[in-house]
Amino acid sequence: MKITLKRLALGIASAGLLTIYGCGGGGSTTGSAITTPTVTPTLATTLSGTAAIGAPIAGSVFAIDINGKVSPAATTSALGAFIVDVAGMTAPFILSITGTAGGKQVTLNSIATAAGQTVNITPLTDLIVSTASGQPGGSSLTSLCAPVATVVPPACLSALTAAATPATLASATQAVIAMIAPLNPAGTNPLTDSFTANGTGMDAVLDQILVAPADAQGAMATITLIATNTSLGTVTLPGTPGQTATTTATAPSTTELAKATAAATVLPEIRACLASLNALYPKTGFVAPTSTQVAQFVDASFLLGISEDKTAIVGALSGTGDMAIPGLTIEAVGLSPHDMSPLSPAEITTFTQSTSTTRVADLFSSRVTSGNTAVAFTNSVPTSAWVQLRVAGDAGVNNWKMVKTTDTTGCAGGWKLAGSGHLDMHMNARIHRNIDSTGAATFFREWAFHIQKANVIAENAAITKIDVRGPGLTTFGDFSNGITTGQKLQLIMPTTGHTAMRFDDSTGTGAGSSFYGDAEALQSCQDLAGSSAGVTTPCIDETKVAPGKLYVWTLKVPGTGTGTGPVIAFPFQINAVPLSKAFAAANQSSLFATVTSVTPPGSAALLALTNTLLDGQVTFNYTQSAIYGSKMDNCGLYLWNSATNTQVLSAEQNAVGHETSCTFTTSGLNSLASAAKDSNGQSLFKFTTATSGYIGVTTSVLGNQASSGQPYPN
């Protein structure tokens, strides 16, 4: 199976009000009176700091004051720095950011007690706010504080009042500082001490930990040391918001701390190695690298699925591969918090035979107990690491293994790509905007469960079904009845004319996918409420899904006996959820690309190109906002023939690296379906008679694929 670009790309000191006071004084030899000028104190009107999770956060920050007034939104810099204007507002303030860090969706909060403060926004500050307010932080708190018709809900101001109580805030801050103390010998305050998102200081601490927030009252938040998957501390929320949370700090052992210290070198070394690899793909003066140049960055153990080995990835990344494009980047977002290896035969047996409703969590807990962590050590020296990689600015983030070798030809650290061992699959979050001929926009959202039929067959031709287990999976009609991670979704073989596995319910009879029509993308149960969806329609309870949640895909062969039943299983971690329709509608210009012109300039001119090879004939020009760090993903061209009620062309053009326009060419297509065929029956980039057209542009933003579609301009 050929590796393509599209397939691959898939964390208290109380600061006072800043004032400047004038000092009078002096004398006179003449005895005459000297008048001391009065200097009016200058009141601070901003809040500034850094937003990061280890990697800087690209996004938008705003503050809400104690009276419910909302500041203008501020965009972060390339290193996550921000300055929020709070002129005319009254302290204290709650701050929120919505953004991404290397493709991972991020919604975090922080708190300031006075204008002029340094106030950071990290997973640690979010935990401080959650602890001080006694209620869930993250997206829960951001949603709670979302202004409705410019009015901030009273519950948000109650949370701010509780969190800003001096003794409570100081206690929460010190509790979190105590948890990270083994990694933070300088005692840096993550809330108010300045730092830069450059992999050093507090930013290095953030790289070494996983903060898992509490998602409900009474639930527990944890800080975990990624290197050893051991707890550094917990926060148990009270049953009622505003009451006191219970905190504990757990000191790691000497051995665990030594491993953590050693693991602190992993990300910097890996990032240096990837920088050397990325240097082979300059945006200007690009010459495709040779296989010899690329091979030094790939380990002999490299594997994706059963057949995509080192030879395949080197070929894709070198002069003969379609991934060898100007500006290609492979970015290490952070360390994976888990060992993401495919399940062993023993794990498959235990996992599939378990009746636990938390079997996904049980799997990863068992791995930690067995010593299988994200970073592997030999004599306390890191030898391999699971790393979250983002390829070419794609919306998805891949968990790949990297191994440390003695071959430092490519880079001084000796780290090489080893792949995931998984089939190519993803669970990307999607938000769609459809613009009709009047300019009116409608929105819908999806979770994609994508795996190509051809990839499954290449792995094992006898596989016909895939079980997907994880949080929130259910069938429509009963999603509100306490669904747990024991639920599963089933994917079955598609009908003729479709290439991706399609949905079904747990029975596997095919009845569960009628609402979607052979689709690969699941909608939320909440969105389906009141729709025509039937009680057997698969859906996802979005109240139980959040970035970082884990799922397991189990591929099955029908029948009994040797070689049948569950044969392969892969873990998968989601890094984003679909943006809300309300957020999408309110932030359209910041999320979706805007088409400014097309060539040919009208539908009549386009439709006149019947039976003409379309290479270089069609160009979309567009603009996009930098507020949330959006990147282009693809452009789509779709044509219909109303006389036969058929689609005669469906073409998706890769737009990665093209931020202002894309021109359709056969070599740049991600996918093509056309009624025009060559002598071998293969689709040509042509179309037969068409009567109407539709265009689409998709960006990668806030961890979502944000697609905007509209009729081809007249």
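Think of each chain on its own: its residues are numbered from 1, step by step along the sequence as written. Totals for whole chains, interfaces and linings use every residue, but because this is a predicted model, local features are given only for residues with pLDDT of at least 70 and side-chain atom pairs only at 80 or more, for both listing and counting. Here the side-chain values reflect all heavy atoms present in the structure, with hydrogen atoms and water set aside.

**With respect to the side chain of Asp65**
Okay, step 1: With respect to the secondary-structure elements, Asp65 resides in strand E2 (residues 58-65).
Okay, step 2: Put simply, Asp65 is tucked away with no salt bridge, and the nearest opposite charge, on Lys69, sits 6.3 Å away.
Okay, step 3: Within the structure, the side chain of Asp65 is placed 3.0 Å from the backbone nitrogen of Asn67, a separation counted as a polar contact.
Okay, step 4: Pairs of N or O atoms are called polar contacts if they sit within 3.5 Å, as long as, within protein, a hydrogen donor faces a hydrogen acceptor (for residues adjacent in sequence, only side-chain-to-side-chain pairs). Reaching out from Asp65, the side chain makes a polar contact with the backbone nitrogen of Lys69 at a distance of 2.7 Å.
Okay, step 5: Contacts: residue pairs with any heavy atoms within 4.5 Å of one another. Once residues lying within four places of it in the same chain are set aside, the contact partners of Asp65 are Met89, Thr90, Pro92, Phe93, Leu157 and Leu160. Only DSSP runs of H or I reaching four residues or more are called helices, and only runs of E reaching two or more are called strands; each is numbered from the N terminus. Burial classification: accessible surface area is computed with a 1.4 Å probe over protein chains only, and a residue below 20% of its type maximum counts as buried, one above 50% as exposed, and the rest as partly exposed. Here Asp and Glu are counted as negative and Lys and Arg as positive; His is not counted, and neither are the chain ends. What makes a salt bridge here is a side-chain nitrogen of Lys or Arg within 4 Å of a carboxyl oxygen of Asp or Glu, nothing more.

**Remarks on the environment of Ala533**
Okay, step 1: With respect to the helices, strands and loops of the structure, Ala533 is situated in the loop between helix H14 (525-528) and strand E27 (538-540).
Okay, step 2: Residues Ala533 and Ala461, 72 residues apart in the sequence, show an inter-C-alpha distance of 33 Å.

**Comments concerning the state of the cysteines**
Okay, step 1: By disulfide we mean two sulfur atoms from cysteines, separated by a distance within 2.5 Å. Per the stated rule, a full pass over the model turns up four disulfides.
Okay, step 2: Note on cysteine connectivity: Cys273 is disulfide-linked to Cys411, with sulfurs 1.9 Å apart. Taking the sign of the S-S torsion, 80 degrees for the link of Cys273 and Cys411, the bridge is right-handed. Remark: Cys411 occurs in the loop between strand E16 (398-404) and strand E17 (415-419) and Cys273 occurs in helix H8 (residues 266-278); sequence separation between them is 138 residues.
Okay, step 3: A sulfur-sulfur distance of 2.0 Å marks the disulfide that ties Cys635 to Cys662. When the S-S torsion is -135 degrees, as for the bridge of Cys635 with Cys662, the disulfide is left-handed. Taken as a pair, Cys635 in strand E32 (residues 631-641) and Cys662 in strand E34 (residues 661-663) lie far apart in primary sequence, 27 residues in all. For the pair Cys635 and Cys662, one class covers both residues: buried.
Okay, step 4: Look at the chain and number its bonded cysteines as they come in the sequence; the links are 1-2, 3-4, 5-6, 7-8.

**Quick look at the sheet that holds strand E31 (residues 619-623)**
Okay, step 1: Note: two strands are recorded as paired if DSSP finds a minimum of 2 bridges between them. If you trace the three strands from one edge of the open sheet to the other, you get E30-E31-E34, paired in antiparallel fashion. The outermost strands of the open sheet, each flanked by one partner alone, are strand E30 (594-599) and E34. Within the sheet, the average angular offset between the axes of one strand and its neighbour, ignoring direction, is 20 degrees.
Okay, step 2: Of the strand pairs in this sheet, E30 and E31 are connected by five bridges, and their pairing is antiparallel. In the strand pairing of E31, Ser597 is matched with Asn621. To get an axis, a line is fitted to the C-alpha atoms, and for a helix only the part in contact is used. The angle between two axes follows their N-to-C directions and goes from 0 to 180 degrees.

**Here's the deal with the packing of aromatic side chains**
Okay, step 1: Aromatic contacts are taken between Phe, Tyr and Trp rings whose centres are within 6.5 Å, Trp giving its six-membered ring; a plane angle under 30 degrees counts as stacked, one over 60 as edge-to-face, and the others as tilted. Enumeration according to the criterion identifies ten aromatic pairs in this entry.
Okay, step 2: Ring centres 5.4 Å apart and planes at 75 degrees place the aromatic pair Phe302 and Trp400 in the edge-to-face group. Pair noted here: Phe302 is in strand E11 (residues 298-304) and Trp400 is in strand E16, with a separation of 98 residues, a long-range link.
Okay, step 3: Here Trp400 falls in the buried class, since its relative accessible area comes to 5%.

**Re the confidence of the model for the chain**
Note that predicted coordinates carrying low pLDDT should not be read in detail.
Okay, step 1: When pLDDT is averaged across the chain, the result is 87; 91% of the residues are at 70 or more.
Okay, step 2: Confidence drops under a pLDDT of 50 for residues 10-40, and excluding neighbours within four residues, the segment shows 45 contacts in the predicted structure. Each residue carries a pLDDT value, the predictor's own confidence for that position, ranging from 0 to 100.

**A closer look at the sheet that holds strand E5 (residues 93-101)**
Okay, step 1: Read from one edge of the open sheet, four strands run E3-E2-E5-E6, paired in antiparallel fashion. Every other strand in the sheet has two partners, leaving strand E3 (74-75) and strand E6 (104-112) as the edge strands with one partner each.
Okay, step 2: Judged from the nine bridges that link them, E5 and E6 form a sheet pairing that is antiparallel. Paired with Leu95 across the strands is Ser110, a residue of E6.

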